[in-house]
Amino acid sequence: MALFAVVAELADELAKEAGKLKKRAAIAETISKVHAASSESGPESDDSGLLALYLAGTPFAEADSRKLNAGGALLSKALLAVSGASDQMLTAAYRRHGDMGAAAFDLLFAARAEKTAELTLAAVAEAFAAMAVAKTTAIRAALVEGLLRRATPLEAKYLLKLMLGDMRIGVKQSLVEEAIAVAAGASVDAVRRAVMLEADLGGAVRRAFSGTLHESRMRLFHPLGFMLASPVETPEEAVERFTEKPAKVPVVKTKKPRKDKKVVVVEAANHKPGEAVQAQSFYADAEEFADAPPEDVIAKETQAGVIRRLRTPQPHRAWKHFSKTSTTGCGRRYTAETPVSRGAWRSTRAIKKM
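Small disclaimer: the values here were computed from a predicted structure and weren't measured.

> Would you mind going over the packing of helix H8 (residues 137-150) against helix H9 (residues 153-164) with me for this structure?
The axes of two packed helices give the description: the angle between them and the distance between them. At a minimum axis separation of 8 Å, H8 and H9 run at an interaxial angle of 150 degrees. Relative to H9, the element H8 is oriented roughly antiparallel. Classified by chirality, the crossing of H9 by H8 is right-handed. Packed against H8, whose contacting residues are Val 144, Leu 147, Leu 148 and Arg 150, the element H9 presents Glu 155, Ala 156, Leu 159, Leu 160 and Met 163 at the interface.

Encoded structure:
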């Protein structure tokens, strides 16, 4: 029977290792050793599957709906009862590490550093199963205390991490799947397909060593993993996909119509007889007068360009568009001789900017 110390020692080693390939090699080697040892003890042993499951940080398989129902408050009380430490000591240890497992290691190492490993993977699995069906918090707390009393400080560290669902060793389930494939000499795709269909990492270990990965069948009522990205077989294919130049789309450039500035002369009818007319003019876009009736527009060629004359026979029309001082009175005639100030033509639609 494999001890939980194997998981704890391997997890502590993986937490200090940064290389992904080295982590995968260490996990694969340990799985192979545990499988070889469990095969000698009997075919019913599932230590290698539990090892893979616990390294991934899951007490139960994804297809298993059971929960431990053990939160931080329950685990803290159990740790204080086993270690004999005070609340202040636990708080100081937790602030020092920011992790319940690491705090438990400090407290238990000070209390019983010479504890020998005796807790097996099967015993941990039985305790987890009992916690999942326990009806009261007191029963679950007693089970947790029993595990911590039998565990070494290092085992207690990773037991608490496992019960909290976060091992913090830099290992994801995908890396464990790769290690299973390396240990059993199987295809990584076959292992991942089996895990995807059955949602059981421990079952995938058994199938990988028995050569029955192809017999995996989908189970109902469990989460089904899928990928939206399309996989590639070689690094060269990935580089080619990301460096492929997109097809050039021809861009049709459209020229904006040029707006010619024209000299606009406005004529207002019915001016007072004998009144002196002050000649004024302004520049505006020819488009402003494009909607004028043909009979009201007279075009002439001059040195300044096209002169457009807008006739307004009604006095109120002339004052509406071109005067800002009065709505009554006679209109005036303006010719293309002198510029007009901005203030005098502010209310005029035809003027944009002088």
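Additional details are given in the paragraphs that follow.
> What should I look at first to understand unusual backbone geometry in this one?
It is generally the case that most residues other than glycine have a negative phi and that most peptide bonds are trans. Backbone geometry at Asn 69 places phi at a positive 55 degrees, although glycine is not the residue there. Residues other than glycine seldom take positive phi values, yet Ala 199 does so here, at roughly 55 degrees.

> Even after reading the chapter, I still don't get empty space enclosed by the protein, so can you show me in this structure?
It is the rolling of a water-molecule-sized probe over the atoms that shows where space remains empty. Applying the stated criterion across every chain, the model contains one cavity of 30 Å³ or more. There is about 50 Å³ of room inside the largest cavity. Of the residues contributing to the lining of the largest cavity, the split by class is six nonpolar, two polar and two charged.

> Please explain the packing of helix H10 (residues 173-184) against helix H12 (residues 201-210) as it appears in this structure.
Where H10 meets H12, the closest approach of the two axes is 9 Å, and the angle between their N-to-C directions is 20 degrees. With respect to H12, the element H10 is oriented roughly parallel. Here H10 and H12 pass one another in a crossing that is right-handed. Here H10 contributes Gln 173, Val 176, Glu 177, Ile 180, Ala 183 and Ala 184 to the contact with H12, which in turn contributes Leu 201, Ala 204, Val 205, Ala 208 and Phe 209. By residue class, the composition of the contact of H10 with H12 is nine nonpolar, one polar and one charged.

> I'm lost on the packing of aromatic side chains in this one. Help?
The geometry of an aromatic ring pair comes down to the distance between the two centres and the angle between the two planes. All told, the structure shown has three aromatic pairs when counted by the stated rule. In this structure, Lys 157 is placed above the aromatic ring of Phe 105, and the distance from its NZ or CZ to the ring centre is 5.8 Å.

About the cut-offs
Residues numbered from 1 in each chain as written. Predicted model: local features only at pLDDT ≥ 70, side-chain atom pairs only at ≥ 80, totals over all residues. Heavy atoms only, no water. Axes fitted to C-alpha atoms, helices over the stretch in contact; angles between N-to-C directions. Helix = DSSP H or I, 4+ residues; strand = E, 2+ residues; numbered from the N terminus. Parallel < 35°, antiparallel > 145°, perpendicular 65-115°, else oblique. Left-handed = near helix turned anticlockwise from the far one by under 90°. Contact = heavy atoms within 4.5 Å. 1 Å grid on protein atoms, 1.4 Å probe; cavity = no way out; pocket = protein on both sides within 12 Å on 5 of 7 lines; lining within 4 Å. Points joined across faces, edges and corners; volume = space filled by probe spheres on them. Nonpolar A, V, L, I, M, F, W, Y, C, P; charged D, E, K, R; others polar. Phe/Tyr/Trp six-rings, centres within 6.5 Å; stacked < 30°, edge-to-face > 60°. Lys NZ or Arg CZ within 6 Å of the ring centre and 35° of its normal.

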